[in-house]
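# Observations on chain architecture
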Amino acid sequence: YKESYGSGATFAVACPATSYWQTKTADVVDQLVNTWGVNGVYIDQIGAAPGMKCFDPSHGHTIGGGDYWRTGYASMLNQIKQRVGYNSPMVTESNAEPYMAQINGYLTLMAFEVPYFDPVNYLEPAFPAIYGGLYMGFGQVFTRADFASKDGVALKLATTFVNGVQLGWFSLGGTSDASQPCGPMGVYDLLMSADHDDDIGFLQTLI
């Protein structure tokens, strides 16, 4: 399996049930926390990407199906916790119930990918309603289009606020390719512009 997100790089999807990948990831996190002194680590995609069918018999799991994707990540994250302790938070992309025992925070981008003025498809805050107080959610995508729209930034900030999600995830730089799902994301110049003092004032009010 391969993935690409417009940067020109192609990524291979690794099976998390393999002891090699579990140990490799734990080694990297161990070095980041215990050698370089970071407070916590973000590991992309665990909560967002679906499990893939793996047919490699050397991995020691059922062939082509089963719960090995979830249990593999659980084993990886438990190994990480054993090395770095429980005071170094591990966070990932998107909110996913199967990993709540090991993950401390979720970058809740996918949860807010809803049309804000659609009378049929609208946001139902089921996850925070059920698990509020048991997980930490943070952020959603802010693009240049949000700053161009009247109250677009305030609308997104208010939505995350009332759903108990930490505010922000403003990308200071990033893709400028409008064909990408997130669109042009670099908003540093807009955050610094006096034209958006009202948006910054609203953010300061909420925090």
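How each quantity is defined
Residues numbered from 1 in each chain as written. Predicted model: local features only at pLDDT ≥ 70, side-chain atom pairs only at ≥ 80, totals over all residues. Heavy atoms only, no water. Helix = DSSP H or I, 4+ residues; strand = E, 2+ residues; numbered from the N terminus. Buried < 20%, exposed > 50% of the residue type's maximum accessible area, 1.4 Å probe, protein only. Contact = heavy atoms within 4.5 Å. Areas by Shrake-Rupley, 256 points an atom, 1.4 Å probe, with all protein chains shown as cover. Lys, Arg positive; Asp, Glu negative; His and termini not counted. Charge placed at Lys NZ, Arg CZ, Asp CG, Glu CD. Phe/Tyr/Trp six-rings, centres within 6.5 Å; stacked < 30°, edge-to-face > 60°.

The helix and strand inventory of the protein chain stands at seven helices and six strands. Order of helices (α) and strands (β) in the protein chain, N terminus to C terminus: β-β-α-β-α-β-β-α-β-α-α-α-α. Taken along the three principal axes of its C-alpha coordinates, the protein chain extends 55 × 35 × 35 Å. Within the protein chain, the fraction of its 207 residues that count as buried is 38%. Counting only contacts in the protein chain whose residues sit at least 6 apart along the sequence, the fraction spanning at least 24 positions is 61%. Accessible surface, the protein chain as shown: approximately 12,000 Å² in total, 56% of it carbon and sulfur. The protein chain carries 9 positive and 19 negative side-chain charges, and their two centres are separated by 9 Å.

Here we come to the packing of aromatic side chains. Under the criterion given, the structure shown has seven aromatic pairs. With a centroid separation of 6.3 Å and 85° between ring planes, the pair formed by Tyr106 and Phe127 is classed as edge-to-face. In this pair, Tyr106 is assigned in strand 5 (residues 105-107) and Phe127 in helix 3 (residues 126-131), connecting sequence segments 21 residues apart. Comparing Tyr106 with Phe127 shows no difference in burial state: the two are buried. Centroid distance Phe127 to Tyr131: 5.0 Å. Interplanar angle 55°. Geometry classified as tilted. One end of the pair is Phe127 and the other is Tyr131, both in helix 3 and four residues apart, which spans about a single turn. You'll find Phe127 and Tyr131 in the same group, each marked buried. Here the aromatic residues Tyr106, Phe127, Tyr131 and Tyr135 are joined through ring pairs into a cluster of three or more.

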